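# Results of the structural survey
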Amino acid sequence: MNKTLFVFALLFTSICFSQSVRFDGFIQDEQKNPLEMANIMAINNGTKAMDSYGITNDKGKFQLTLKPNTAYTIKISYLGMKSKEIAVSTKSENMTQNIVLDGAGIELEGVEIVREMPVSIKGDTIVYNADSFKSGTEKKLEDVLKKLPGVEVNADGEIEVEGKKVSKLMVEGKDFFDGDTKLGVKNIPADAIDKVQVLRNYNEISQLKGLENDQENVAMNIKLKEGKKNFWFGDVTAGIGVAELDSRYIINPKLFYYSPKYSINLITNFNNIGELPLTAQDYFKFTGGFKNLMKKGGSSFNVSSNDLGISLLRNNRAKEIETKFGATNFAYSVNKAWNISGFGILSTSKTDLETKSQTTILDSGDQQKSNENTNQKNNLGLFKLSSTYKPSDKFQFDYDILTKLTKQEEYSDLFREQIVQNVATSEDIFTTKKQDPTSINQNLSLYYTQSAKNIFAFEMQHLYQDENPFYNANLQTLPFDLSGYISGQNRNDYNQDRFVKTNKLDAKLDYYYMVTPKSNFNITLGNTYSYQNFNSHIFQMLDNGTRNDLNDVENNNDVDYRFNDAFLGFHYKILTGKFTFTPGVSFHTYQMTNGQLGTDYSQNFTKVLPDFFALYQIKKSETLTYNFSLTNDFTDINQLAAGYVLSNYSSLFRGNRFLENATSQVHSLRYFKYNMFNFENIFANATYTRKVDAIKTKADFDGINQSSVPYNSNLADETFSGMGNYGRSFLKNYKASANASFNWSKFNNIQNNQLSTTESFSQSYTVRASTNYKNLPNIEFGYNLLVNKYSGSTFYTDKPFARLDYYFLDSFSFVSEYEFYHYYNGDKTVDNEYDFLSASLIYQKKNSKWEYKISATNLLNTKYLNDDSFSQFSTRVSQYTVQPRYIIFSMKYNL
């Protein structure tokens, strides 16, 4: 494998340094002032193709890489100035020439030439001409984005531009499933894309743009080709295939319609080849575009999920997955002032997981080894309706409602071996988990501009959440001594019903006063109110089938919890020279009451919380940002309920009604530089968090069985994370990057009545390089090293990878991907190697609507992959069985 990568690297290097001629100089106006962001391109007079292009830097310098002994027409444009063409004939030596543009511009000419540029910048918007980067093998938006300079798409379908996560994806200015990037990158056809617009410093409320610090906000808008507007487009795919023991299928219709008046998107996918358009993880983190209203408030009150720990870690690469998925999204302009939009998503999946794992308790060294077979059924539903009414630039009224419906079941058959004080015992364990939670999230917003100096914003958000998880464990040994439990049974069959209801209302009123064109004052009046109810009950099923209710107080919960935070905030934003400062402070009054066991326990106090933001605009595309915040962190009802709660068959938890809040001090520093002159992209960030009086866990272990209770620690937890990236596109057809990230954490807990401090340190290093030719095979290759160091254990993953794609004979596309994994720990007691290879061959005649494809996944028929995790009390090493080799033949019809 290493030899193969060496050959790839040698080939890549030799191509990069093949013979070429550099043509550079400066572009200026008539007064000899440099013109930054001027566009320049070289058109080959023989082939009529664009051989090179560039954008000037802040000194007006340009640089093009041309072929020797070739005649070119050099086109130069700058908006607001007259475009220019010059003739250049290269020889074998480098050339230098300065160019002066006339001031009286014909803007239409400039716009026309800008449209031909592969990349151009207009204010805060970067525009990529998609066809300039396509090689012919691209099928989805994801394939196009990966070839754009400064743009990355990770394995979860999240888009990053200049190191910032794209928070909203739009098509023709209309939200695509409320901005969800994964559904967009995996489904929008590549051949429909004309332009990709990156919108930096994005704020969807036009009245608030510039009033707040939007430097981290990035959105993306996809512009469609003219032939795709006002017409239905998309494709319908159907395929069949074989695995080792059974048949495989996929049916995947996708239809899109866009017009100025309305748009409709339809996506369906039925398959048993492991293709998951939306995983359960995606579902639970899907916000539907809802934002954190209280991000400036200084308080953190997050409603936790009672999800029973249903196994979601590997259900995108599990042993067996069958999926039925359907989604529709629409947007309709009722009139110029009123727009409505919405979506509906339904997904059903059946997943089989097979896991081998070893868990080691850090303090004692006791171990649990297990072989687990799990069957899951997930039924997920998402529905959203949005309305925006904007009769003028001075007034906007928004309303949104998002509903989540879920039904999940998980059945596990587990064989475990306990090694406690060097004594081994084993048993079979059967568990059942069921839940069908519902949540409804509503948002109402009003924005009013009274005058150029006075702006008001009112936002209100309500969350209703109803959860009802049920848990059953059937095992031989009795892990816990529960009051009222009848021992002496052949099997220990204990169960728990849990019911949690949440109503949470956030509301705030912002007033902005423009002191000067470069400064504003912001007053915020806000309130967070939450009411929660928690009920749980443990019961035992006896061998004879009768039910034994464990009615003692310690085995049951009936808890009410009310939380209220009223606050007043002040922020002042000022731009002075290259600096932007936003100091702020908020004054809070807190009231908390939990009622249980026939009594109420209340806490009331006030707190002053400062925050600070600073931005140093070094150059137009180079910034240094600092953020500081002091935040009060509050728990919800789940950690306050004093009765026992079954976390799993070997873990028992009880809350603490006397818990107090923690205080988090967060410092973050971010550097960013994007140079369009040589498409250099540099960013780095570091964040330090110190949490004082954190809610920690007191855990007692009987072998590997854990009983735990939370408490307020007087020791501080600390985390420090950072990452850096250097990327560059050069010589038109090459792209390379290097990335490093780390996360260090220090935790304080009590384990078996002894204070214990645990640390974890994770590191990841990645280098990659790729080519982007239109008529030659393209390769991407790289290497990733992952190091996870926990207290007493270190795990390594070496991952070289490569990708080949080639469009040839105007009809064929070949794509292949290879990943090699070497997973091991420090003393080599764990040492595994495995790899994955996939390939596809596509035939489609030019201008034909039919496409034929044969593809294979996991060609090497790898059986499993490895992973590890850390829980502050233990480490876990896991081995997951993955899907076998699939060979699929499919046909696609393009509308």
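Residues numbered from 1 in each chain as written. Predicted model: local features only at pLDDT ≥ 70, side-chain atom pairs only at ≥ 80, totals over all residues. Heavy atoms only, no water.

### Considerations on the overall build of the protein chain
A count of helical and extended segments in the protein chain gives five helices and 52 strands. Its C-alpha atoms give the protein chain a radius of gyration of 30 Å, near enough to 29 Å, the size a compact globule of 895 residues would have. Principal-axis analysis of the C-alpha atoms gives the protein chain an extent of 95 × 70 × 50 Å. Here the protein chain, with 895 residues, has 52% of them falling under the buried criterion. Partitioning the contacts of the protein chain with sequence separation of at least 6, the portion at a separation of at least 24 is 65%. Averaging the locations of the 95 positively and 98 negatively charged side chains of the protein chain gives two centres separated by 7 Å. (Helix = DSSP H or I, 4+ residues; strand = E, 2+ residues; numbered from the N terminus. Rg over C-alpha atoms; globule rule 2.2 N^0.38 Å. Buried < 20%, exposed > 50% of the residue type's maximum accessible area, 1.4 Å probe, protein only. Contact = heavy atoms within 4.5 Å. Lys, Arg positive; Asp, Glu negative; His and termini not counted. Charge placed at Lys NZ, Arg CZ, Asp CG, Glu CD.)

### Points about the sheet that holds strand β3 (residues 50-55)
Here four strands make up an open sheet; going across it, the order is β3-β2-β5-β6 and the pairing antiparallel. Looking at strand neighbours, the two that pair on one side only are β3 and β6 (84-89), the edges of this open sheet. Within this sheet the neighbouring strands show an average axis-to-axis angle of 20°, counted without direction. In the sheet, strand β2 (residues 39-44) pairs with β3 via five bridges, with the strands oriented antiparallel. Bridging across to β3, Ile40 finds its partner in Gly54. (Pairing = 2+ DSSP bridges. Axes fitted to C-alpha atoms, helices over the stretch in contact; angles between N-to-C directions.)

### Quick look at the pairing of strand β35 (residues 622-634)
The pairing of strand β20 (residues 299-301) with β35 spans three bridges and is classified as parallel. Its bridge partner being in β35, Phe301 is matched across the sheet by Phe634. Inspection of the sheet shows strand β34 (residues 599-619) paired to β35 by eight bridges, in the antiparallel sense. Looking at the pairing, Asp611 lines up with Ser629 of β35. Here β35 runs beside strand β38 (residues 662-675); their pairing, made up of twelve bridges, is antiparallel. Residue Asn632 lies in a different strand from β38, and its bridge partner there is Thr663.

### Comments concerning unusual backbone geometry
Residues other than glycine seldom take positive phi values, yet Lys48 does so here, at roughly 65°. Checked against the element boundaries, Lys48 lands in the loop between β2 and β3. Phi is positive for Asp693, close to 60°, though the residue is something other than glycine. Structurally, the position occupied by Asp693 is in the loop between β39 (680-692) and β40 (695-702). By relative accessible area, Asp693 is classed as partly exposed at 35%.

### Digging into the confidence of the model for the protein chain
Detailed reading of the predicted coordinates is not advisable wherever pLDDT falls low. Here the protein chain averages 89 in pLDDT, while 94% of its residues score no lower than 70. Segment residues 1-17: pLDDT under 50, and 24 contacts once partners within four positions in sequence are set aside and those in other chains are kept. Contacts of residues 106-115 to residues separated by more than four positions or lying in other chains number 18 contacts, the stretch itself having pLDDT below 50. (pLDDT = per-residue confidence, 0-100.)

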